[in-house]
Amino acid sequence: RTRLLLITLGVLFVSFAVAVVISLTSQRSNLTTSARSQILTNTKMIDTMVRSSMLAGDPSIMKTMLDGLRGLEEFERIEIFSTDGNVAFSDNELFIGDDPLFAEAIENGEPVWRERYSERIMEYFVPIPNEARCYGCHDPDEPVRGVQTITVSFKDTLARINRSLIVLVTTLAATLIISVLVVLR
């Protein structure tokens, strides 16, 4: 009888462990999906702001808007870089020209994602295409005018997930130990 109870407890423990792993995998996937959705919404907004301020002929509007966005907690970094890799619309002296994803975004003219789970961040590089309405000020032979980059952090969310995992594992271990002690009495 004791052996049967221990086997049952073992099966329950393994089942619970598998459920936790599946849950964590699902939570990470949902986190990635949510972060990507947030970034896509923001890049569309920034693209509209870039076009509006540049077509109005006043790049200082864009600088003011980006400065405001940089103050928001949801962004780890938000910048627009010219095709030479230097930051635009900023007083900072940043250079991103040696980043391979920056180069890929310019070369292909397509957005590029990078997820760095070890650093708990997600980055998105979005090329800003040179369109006919831009040709009044910009060279029509350049297919891309620059690249907007958005970096968001999911450190806080992962910390909450990890705390939940610790509570679950601790509860499971305590339940297992108590159950084994009761069975062995």
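Rules of the game
- Residues numbered from 1 in each chain as written.
- Predicted model: local features only at pLDDT ≥ 70, side-chain atom pairs only at ≥ 80, totals over all residues.
- Heavy atoms only, no water.
- Helix = DSSP H or I, 4+ residues; strand = E, 2+ residues; numbered from the N terminus.
- Rg over C-alpha atoms; globule rule 2.2 N^0.38 Å.
- Buried < 20%, exposed > 50% of the residue type's maximum accessible area, 1.4 Å probe, protein only.
- Contact = heavy atoms within 4.5 Å.
- Salt bridge = Lys/Arg side-chain N within 4 Å of Asp/Glu carboxyl O.
- Polar contact = N/O pair within 3.5 Å; in protein donor to acceptor, adjacent residues only side chain to side chain.
- Core = buried A, V, L, I, M, F, W, Y, C linked by side-chain atoms within 4.5 Å.
- Pairing = 2+ DSSP bridges.
- Axes fitted to C-alpha atoms, helices over the stretch in contact; angles between N-to-C directions.

**Student:** I would appreciate a short explanation of the overall build of the chain in the present structure.
**Tutor:** Along the chain, the regular secondary structure elements total 4 helices and 5 strands. Since a compact globule built from 185 residues should have a radius of gyration of about 16 Å, the 25 Å found for the chain marks it as more spread out than a globular shape. Buried residues in the chain amount to 31% of all 185 residues. Expressed as a percentage of contacts within the chain between residues at least 6 apart in sequence, the contacts between residues at least 24 apart total 55%.

**Student:** Would you take a moment to explain the pattern of salt bridges for this structure?
**Tutor:** Close approach of charged atoms allows side chains with opposite charge to pair. Taken as a whole and assessed by the stated rule, the structure comprises 13 salt bridges. Note that glutamate 131 and arginine 51 form a salt bridge whose closest N and O atoms lie 3.4 Å from each other. One end of the pair, glutamate 131, is in the loop between β4 (121-129) and β5 (144-153); the other, arginine 51, is in helix α1 (residues 2-55), with 80 residues separating them in the sequence. Across the salt bridge formed by arginine 145 and glutamate 142, the nearest N and O atoms sit 2.7 Å from each other. Under the relative-accessibility criterion, arginine 145 is labelled partly exposed at 23%. Each member of the salt-bridge network shares a partner with another, and the members are Lys63, Asp67, Arg70, Glu79 and Asp91.

**Student:** So what exactly am I meant to see when it comes to the side chain of glutamate 123 here?
**Tutor:** Structurally, the position occupied by glutamate 123 is in strand β4. Residue glutamate 123 is classed as buried on the basis of its relative accessible area of 7%. A distance of 2.5 Å separates polar atoms of two side chains, one belonging to glutamate 123 and the other to arginine 114. Polar side-chain contacts of glutamate 123 include one of 3.3 Å to the side chain of arginine 116. Among all residues touching glutamate 123, those that are not within four sequence positions of it are Arg77, Val112, Trp113, Arg114, Arg116, Ile150 and Thr151.

**Student:** Got a minute to help me understand the nonpolar core in this structure?
**Tutor:** Within soluble globular proteins, side chains that are nonpolar tend to cluster in buried spots. Ranked by size, the top nonpolar core spans 23 residues in total, and within it Ile46, Met62 and Ile80 carry the most contacts. With 6 residues, the single largest contributor to this core is α1. What methionine 62 contacts, discounting residues up to four positions off in sequence, is Ile46, Met49, Val50, Ser53, Ile80 and Phe89. One finds Phe81, Phe102, Ala105 and Val147 within the second-largest nonpolar core, a separate group that totals 9 residues.

**Student:** Is there a simple way to think about the sheet that holds strand β3 (residues 112-116) in this case?
**Tutor:** Adjacent strands of a sheet form backbone hydrogen bonds with each other and so pair up, either parallel or antiparallel. Taken together, 5 strands build an open sheet; the order of strands is β2-β1-β5-β4-β3 and the sheet is antiparallel. What marks the edges here is a single partner per strand, and that holds for β2 (87-88) and β3. Two elements, strand β1 (residues 77-82) and β2, share 2 bridges in a ladder whose sense is antiparallel. Across the sheet, the residue bridging to isoleucine 80 is alanine 88, located in β2. Packing against the sheet, helix α2 (residues 59-70) makes contact with β1 and β2, and its axis sits at approximately 150° to β1. Sitting on the sheet, helix α3 (residues 100-108) touches β1, β3, β4 and β5, and the angle it makes with β3 is about 165°.

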